[in-house]
Amino acid sequence: MATLPNQEEQISLDTFTRGIWKENPVFVMLLGLCPVLAVTNTTMNAIAMGLATLFVLVASSTLVSLLRKVIPKQVRIASYIIIIATFVTMVDYLIQSISLELYNALGAFIQLIVVNCVILGRAEAFASKQKVGTAIVNALGMGVGFTIALLFLGVTRELLGAGTILGVQIFSSNFEPWIVMILPPGGFFVLGAWLLLFEYIKQRKEEKQLLVEGVANHGS
Amino acid sequence: MDPDSLAFIFINAALSNNFVLALFLGLCPFLGVSAKKETAWNMGLATMFVMLVSSVSAFGINWLLKEFDIEFLRLICYIAVIASAVQLVEMIVKKFSPSLFRALGIFLPLITTNCAILGLALFQTFREYDFMQSLAFSVGAGVGFTIALMLMAGLREKLELSKVPTVSQGAAMSLMLAGLLSLAFMGFAGLGSSHV
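Tell me about the overall build of chain B, residues and numbers included.
The helix and strand inventory of chain B stands at eight helices and zero strands. In sequence order, chain B lays out its α and β elements as α-α-α-α-α-α-α-α. Taken over the C-alpha trace, chain B has a radius of gyration of 17 Å; the compact-globule value for 196 residues is 16 Å, and the two agree within 12%. When its C-alpha atoms are laid out on the principal axes, chain B stretches across 60 × 45 × 25 Å. Per-residue burial over chain B gives 45% buried out of 196 residues. Sequence separation of at least 24 residues holds for 80% of the intrachain contacts in chain B that already meet a minimum separation of 6.

Now the structure itself:
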């Protein structure tokens, strides 16, 4: 992976938005699935986890990008991991001081942000080759995309599994909660269902595209 | 059963609180290397070995950190030790079985970022297991990981031969399968307390 100076890309809207939709870390690249499934049984946990990851992602991308000319190639992965672990330790203590309840709900999964492949992937594939500004914008986009994905799952699972969103009752009291959705299997099912939906939309779009092209070719 | 007994810790880690299917740890190799039974088996063994090594080292490190009262360095030390353990396994595998080395490919170095390993080290610290309990816990977790991986590989080999709608091919299908497996593993909940 040779780093050429002319590979640096200019900041554009795409640098930010592709993390949200085109290269969404969860729904498209299937990275960092462990926290996605483990802590999304309530919306609150999902938001907290998303923000914590966003912070670590942006901070570590910034530092990796700043140090990209200093870190020797042979030990780069180890250096990235140490950088990430430092920020995760900070977040760990931060959440503990803000809300002990939240800290206990997330448990070991805050510290497990260290091994979230999204973060190491960004450091290795993007931040280590780009200017600081570009790296920050891209990391922000990825972090927001990750948080949105967590929200998708968190809201669905809490709504179906407990009938609430952020603790507010949505369905009437006649609603029988679908307990399995907040249990581990529900995580797999909900993520699978979202992936199915996105795949279906994608295929529909492609079919339409083919149809339009076919008609155009026929006409000419 | 006494929740501190070795047998209970082993069964709890292997079945009722299976690392992959109940705690969602180590999903990347679970979805990535589960296409063939043979690779799944070898991956399971490699992971089990790394788990054992890092569990023992984590126990030692934790004692050392407590002695010097610098526990905030725990995360950084753990991850450094795990990375070295993986490097060791990689060297051993490359030396003794080059074909296996090629089959595991990128997933071998990626054991470093397997949350199951770090999760194991963190859980045993949080639960304050002693040395023997840590050993039972790590072997149990390794066995559980291998079981889950093998089950998934068997299912996916069968799926190769069956007709699946194009929409659900790939990741979505694997996740649904994992969900069903996870549902089945919930049946083991009676073997112990199901809370983490």
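Further notes follow.
Give a detailed account of the overall build of chain A, specifying residues and quantitative values.
Tallying secondary structure elements over chain A gives eight helices and two strands in all. Each helix (α) and strand (β) of chain A, taken in turn from the N terminus, gives the series α-α-α-α-α-α-α-β-β-α. Within chain A, buried positions represent 43% of all 220 residues. Sequence-distant contacts, at least 24 apart, represent 76% of the contacts inside chain A between residues at least 6 apart.

Go over the interface of chain A and chain B with me, naming the residues and quoting the values.
The interface is formed by 33 residues belonging to chain A together with 32 residues belonging to chain B. Secondary structure elements with two or more residues in the side of chain A that touches chain B: helix H2 (33-38), helix H4 (76-98), helix H6 (117-125) and helix H8 (184-219) of chain A. The greatest single-element share of the side of chain A that touches chain B, amounting to 12 residues, is contributed by H8(A). Of the residues contributing to the side of chain A that touches chain B, the split by class is 25 nonpolar, seven polar and one charged.

For the packing of helix H6 (residues 115-126) of chain B against helix H7 (residues 131-160) of chain B, give the residues involved together with the corresponding values.
Residue and element names in this part refer to chain B. Between H6 and H7, whose axes approach to 11 Å, the crossing angle comes to 150°. As the angle between them shows, H6 and H7 are arranged roughly antiparallel. Here the hand of the crossing between H6 and H7 comes out right-handed. Residues Ala 116, Leu 120 and Gln 124 of H6 form the contact with H7, whose own contacting residues are Ser 134, Phe 137, Ser 138, Ala 141 and Phe 145. Across the contact of H6 with H7, the residue classes tally to five nonpolar, three polar and no charged.

Rules used throughout
Residues numbered from 1 in each chain as written. Chains lettered and ligands numbered in written order. Predicted model: local features only at pLDDT ≥ 70, side-chain atom pairs only at ≥ 80, totals over all residues. Helix = DSSP H or I, 4+ residues; strand = E, 2+ residues; numbered from the N terminus. Rg over C-alpha atoms; globule rule 2.2 N^0.38 Å. Buried ≥ 20, exposed ≤ 12 C-beta atoms within 10 Å, placed from the backbone. Contact = placed C-beta atoms within 7 Å. Nonpolar A, V, L, I, M, F, W, Y, C, P; charged D, E, K, R; others polar. Axes fitted to C-alpha atoms, helices over the stretch in contact; angles between N-to-C directions. Parallel < 35°, antiparallel > 145°, perpendicular 65-115°, else oblique. Left-handed = near helix turned anticlockwise from the far one by under 90°.

Function-wise, these values are silent; they only describe arrangement.
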